[in-house]
Protein chains: 2
Amino acid sequence: MAEEQANAEKTEKAEVKEEKPKAAKADDNVVYIGKKPTMSYVLAVMTQLQSGMNEVLIKARGRSISRAVDVAEVVKNKFMDGVKREIDIGTDTVQDKENKKLNISTISIKISK
Amino acid sequence: MAEEQANAEKTEKAEVKEEKPKAAKADDNVVYIGKKPTMSYVLAVMTQLQSGMNEVLIKARGRSISRAVDVAEVVKNKFMDGVKREIDIGTDTVQDKENKKLNISTISIKISK
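All chains use their own residue numbering, which begins from 1 and follows the written sequence. Here chains are named by letter from A upward and ligands by number from 1 upward, in the order in which they appear as written. Selection of residues for local features in this predicted model requires a pLDDT of at least 70, selection of side-chain atom pairs for listing and counting requires 80 or more, and totals for whole chains, interfaces and linings are taken over all residues.

**A word on the interface of chain B and chain A**
Here is the rule: Note that contacts rest on C-beta atoms placed from the backbone: two residues are in contact if these are within 7 Å. Here a helix means four or more residues in a row that DSSP labels H or I, a strand means two or more in a row labelled E, and each is numbered from the N terminus. In the scheme used here, Gly and all other residues not listed as nonpolar or charged are polar, with Ala, Val, Leu, Ile, Met, Phe, Trp, Tyr, Cys and Pro taken as nonpolar and Asp, Glu, Lys and Arg as charged.
At the junction of the two partners, chain B supplies 14 residues and chain A supplies 14 residues. When contributions to the side of chain B that touches chain A are tallied by element, the ones reaching two or more residues are α4 (65-79), β3 (84-95) and β4 (101-112) of chain B. Element by element, the count of residues in the side of chain B that touches chain A is highest for α4(B), at 7 residues. Residues belonging to the side of chain B that touches chain A are distributed by class as follows: 6 nonpolar, 5 polar and 3 charged.

See below:
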């Protein structure tokens with residue numbers, strides 16, 4: 001409760017904070033994996049790689065992690081066989097609606113030409 | 001239907017084939033991730049590591065991949081901070097009931113002391 005109040009006071013800051021993990025479009029070479037079909041994200045990655053970027057970061061959390069692996073595999077197997085990959089896993093701490101702390105696993109797959 | 005018949009004729013072969021990807025226990029240091037709760041697999045990994053093995057391989061396919069990452073993260077964060085990890089992703093080709101080929105993503109996470 002106290003936490004909610006504090007958040008209300010700093011709305012601007014809270015908004016920035018919320019935006020970041022889920023749908024940040026600031027980093028042009030990051031593709032965040034959500035619940036869309038796998039091929040949407042494959043297309044996004046391919047578009048990045050063909051628009052002159054040398055590397056793209058695929059990021060996902062929780063249940064979307066398996067889709068992130070699907071995306072990386074489809075990009076490699078169907079479109080660009082020679083790409084290099086670096087995979088990293090980690091844990092984010094998020095707060096649920098009741099302000100309890102939850103640990104959620106993350107993956108980031110760096111694909112580079 | 002024709003396939004079912006064929007399977008019935010080669011029951012033995014079919015059984016061996018089914019057993020392999022899902023529940024192979026031959027490799028002692030491999031923990032295959034399925035649909036049990038995360039902590040069951042964490043316990044399995046910890047048991048391996050504490051029974052003198054220097055490395056354990058966590059393997060998963062498809063939707064279980066995110067649980068494999070959960071297991072690796074819990075082992076690292078809650079139990080053994082100093083472990084090293086090597087992550088590899090790939091694709092397996094399996095046949096569905098109608099004998100169509102399906103690609104399924106895989107992950108293998110090597111945890112070593």
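**Topic: the relation of the copies chain B and chain A**
We apply this condition: Superposition of the copies used a least-squares fit over C-alpha atoms from residues whose pLDDT is at least 70 in both.
For the match of chain B to chain A, the screw axis carries a shift of 0.0 Å, the RMSD comes to 0.0 Å, and the turn is 180°. Within this description, the copies of the chain are treated as partners about a two-fold rotation axis. Across chain B, the smallest distance between a C-alpha and the rotation axis is recorded for S66(B), namely 2.8 Å. Taken as a fraction of all interface residues of chain B, those also at the interface in chain A reach 100%, which identifies the copy contact as same-surface.

**Quick notes on the environment of K100(B)**
Note that K100(B) resides in the loop between β3 and β4. The spatial distance from the C-alpha of K100(B) to the C-alpha of A44(B) is 34 Å, given a sequence separation of 56 residues.

**Looking at α4(B)**
Defined as follows: What a helix should span is 1.5 Å times the count of its residues minus one. Think of it as a crowd count around each C-beta: if 20 or more other C-beta atoms lie within 10 Å the residue is buried, if 12 or fewer it is exposed, and in between it is partly exposed, with C-beta placed from the backbone throughout.
Its 15 residues give α4(B) an end-to-end C-alpha distance of 21 Å, which sits within 8% of 21 Å, the value for a rise of 1.5 Å per residue. Along α4(B), the residues that are buried comprise I65(B), S66(B), R67(B), A68(B), V69(B), D70(B), V71(B), A72(B), E73(B) and V75(B).

**Here we look at the sheet that holds strand β4 (residues 101-112) of chain A**
Residue and element names in this part refer to chain A. Just so we agree on the cut-off: The rule for pairing is simple: two strands pair if DSSP sees at least two bridges between them. Only the stretch in contact is used when a helix axis is fitted, and all axes are lines through C-alpha atoms; the angle between N-to-C directions ranges over 0 to 180 degrees.
Spatially, β1-β2-β4-β3 is the arrangement adopted by the 4 strands of the open sheet, whose pairing is mixed. Edge strands, defined here as strands with exactly one partner in the open sheet, are β1 (30-32) and β3 (84-95). In this sheet, neighbouring strand axes are inclined to one another by 20° on average, regardless of whether the strands run parallel or antiparallel. The pairing of β3 with β4 spans 12 bridges and is antiparallel. By the bridge assignment for β4, E86 is matched with K110.

**Some remarks on the sheet that holds strand β2 (residues 55-61) of chain B**
All names here are of chain B. With mixed pairing, 4 strands are arranged side by side in an open sheet as β1-β2-β4-β3. Only two strands of the sheet have a single partner each, and these edge strands are β1 (30-32) and β3. The average undirected angle you get between the axes of adjacent strands in this sheet is 20°. Strands in contact with α4 are β2, β3 and β4; relative to β4, the strand with the most contacts, it is inclined by about 5°.

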